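# Remarks on the overall topology
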Amino acid sequence: MSDLSAEVARRRTFAIISHPDAGKTTLTEKLLLYGGALQLAGSVTARKNQNASASDWMELERKRGISVSSTVLQFDYEGRRINLLDTPGHKDFSEDTYRVLTAVDAAVMVIDAGKGIESQTLKLFEVCRLRGIPILTFMNKLDRETRDLLELIDEIENTLQIHAFPINWPMGTGARFRGVYDRIAQEAHLYERTVRGAYKAPVRVAGIGDATVKDALDSDTYHHFVEQLSLLDAAGAAFDRADALKGGTTPVFFGSAVNNFGVQLLLEALLAHAPPPAARRSRGGLVAPDDPGFSGFVFKIQGNMDPKHRDRVAFLRVCSGRFTRDLPVIHSRTGRSYRLANAHKIFGREREIIDAAYAGDVIGLVGYSDFGIGDTLSADGAVTFDEIPRFAPECFSRLSNPNPAKYKPFAKGLEQLLREGVVRVVTAHEATDAKSTLLAAVGPLQFEVAQFRLLSEYGVESRLEPMPWTLARWIGPKTPPGALDAVGLPMQSIRARDESGADMILFPTPWSLQYLSEKHPEIELLRLPPVNTSPH
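Notes on the structure in this doc start here. (Residues numbered from 1 in each chain as written. Predicted model: local features only at pLDDT ≥ 70, side-chain atom pairs only at ≥ 80, totals over all residues. Heavy atoms only, no water.)

Pairing in this open sheet of four strands is antiparallel, and the strands run β7-β8-β9-β10 from one edge to the other. At either margin of the open sheet sits one strand with a lone partner, and together these are β7 (168-170) and β10 (203-206). Sheet twist, expressed as the average angle between the axes of neighbouring strands with direction ignored, equals 25°. Here strand β9 (residues 187-191) pairs with β10 via four bridges, running antiparallel. Paired with Ala188 across the bridge in β10 is Ala206. The sheet strands contacting helix α8 (residues 219-234) are β7 and β8 (179-182), and the helix crosses β7 at an angle near 150°. (Pairing = 2+ DSSP bridges. Helix = DSSP H or I, 4+ residues; strand = E, 2+ residues; numbered from the N terminus. Axes fitted to C-alpha atoms, helices over the stretch in contact; angles between N-to-C directions. Contact = heavy atoms within 4.5 Å.)

Quick look at the pairing of β9 now. Extensive coverage of β9 is indicated by the burial of four of its five residues. The pairing of β8 with β9 spans four bridges and is antiparallel. Paired with Val180 across the strands is His189, a residue of β9. Hairpin connection, β8 to β9: the antiparallel pair is bridged by four residues, and Gln186 has positive phi, about 55°. (Buried < 20%, exposed > 50% of the residue type's maximum accessible area, 1.4 Å probe, protein only.)

Contact pair helix α2 (residues 24-34) / helix α10 (residues 263-273): the axes reach a minimum separation of 9 Å and the direction vectors enclose 80°. Between α2 and α10, the angle falls in the class roughly perpendicular. When α2 is examined against α10, the residues Leu27, Lys30, Leu31 and Tyr34 are found in contact with a partner set consisting of Val263, Gln264, Leu266 and Leu267. Residues belonging to the contact of α2 with α10 are distributed by class as follows: six nonpolar, one polar and one charged. (Parallel < 35°, antiparallel > 145°, perpendicular 65-115°, else oblique. Nonpolar A, V, L, I, M, F, W, Y, C, P; charged D, E, K, R; others polar.)

On to the environment of Leu286. Mapped onto the secondary structure, Leu286 falls in strand β13 (residues 285-287). The spatial distance from the C-alpha of Leu286 to the C-alpha of Val383 is 9.7 Å, given a sequence separation of 97 residues. For Leu286, the residues in contact, after removing those within four places along its chain, are Ala279, Arg280 and Arg281.

Read across the sheet, four strands follow the order β25-β27-β24-β28 without closing on themselves; strand pairing throughout is antiparallel. The open sheet has two edge strands, β25 (424-425) and β28 (463-466), and neither has a second partner. Relative to β28, strand β24 (residues 395-400) runs antiparallel, the two being bridged by four bridges. In the sheet register, Ser400 faces β28, and the bridge partner there is Arg463.

Keep in mind that these numbers describe shape and distance, not what the molecule does.
What follows is the structure, encoded as structure tokens:
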């Protein structure tokens, strides 16, 4: 095996996905703790604020206690290079999460064992399925009262249409939760709680019939635990790793992230069951990860991560070859050549210069203003990846600057947010208000983030006026020329153009969309923007 192939083989790149409040960011912190990247869960190097999260770096995230920005965290564990991408769980930021899922090779799906599968979990799972991404499942919050565990397994299989194989099984739930039993190794892992879950939980390992296990559980809990194990074993199914790598089976793990229960077992399973980087499709065919020619694509833009430096970071997933400092590359969209001298390893809001990276790694390119989401960089310019999905906006608002003296910082801040894809700009066909900008988003919280960042990062107030539209459709290429001009739109519906100039119609209600579709079938309405079409 060549040095390049060996480096690729030791990479594991995965995202953590969940419904809001399932414990995703907490699990991220604890994986870093067990991976040795944190000494104390909740801060990057056990400094200052024990309540802050290493992955939730943005001020708004710390204030609201939610993740609104995807974060890249990299660390080494048992000879592997782990690239962990924490994603927003809030539904308004699903577009950012979808982009992140283009950059990973596996995903950990976190489920609250007290609630089961929730709406956002289902949406994100479907994206993983469409992309063929293998999924490991972590049933979280076993230290609280849960639903029936066997019912949870059935729900995964019936709702997601995927085989679920419990790699381990909890020993009790709620106040009686004492650890997990590894069904493959046939070992019981007994845990002791730590102060605020901040340090690694001590572990004792014993067989299921060991007196240590029986003493740790009360009689009822022990017998119920043994009975459930017997039912699982009676099913007769063995774990099929090959099927798991294809996404047909999800290995299931149980634990309590906040108490460090089961976290290390999950981390070790990621090394064993998550795949290394695979070949990626490009317009010219498959690109192998150990192809010597460097290539990668930008899946995220983030500005002002460091408040001391008003810079922007383009997050690039390396797809092939070896990245080295000062590497000359070609930007496929423009054909321009660049020398990548300012590449960083990113850890939350901290960064360090990186000298080498391989397929599977995520690097932060600082200060390259021409790079946009979805752009490909390669050694010879012959590779172009089409990885980034687009989504129809469902919320619209007009954003204006109430202070004309702040025109320049307002314009600069808005330009940066548009580059990052935090919000999108839409231009009404018949513009009526030249002093405001019509913004579009998947959910209303994106507008709140835009306003917050304009104020905190650029020092400018903004005024937001919600608009009535809730649906957007693009005009397809099958629409006859001039047909749209002859159509009377339903009440409160308007024509508009997106950033690329493609024609759209904005509708206030599903009824208005249905009305136009039925009355004018000659107008082709698309959920996603057409490819390589000019405006009508």
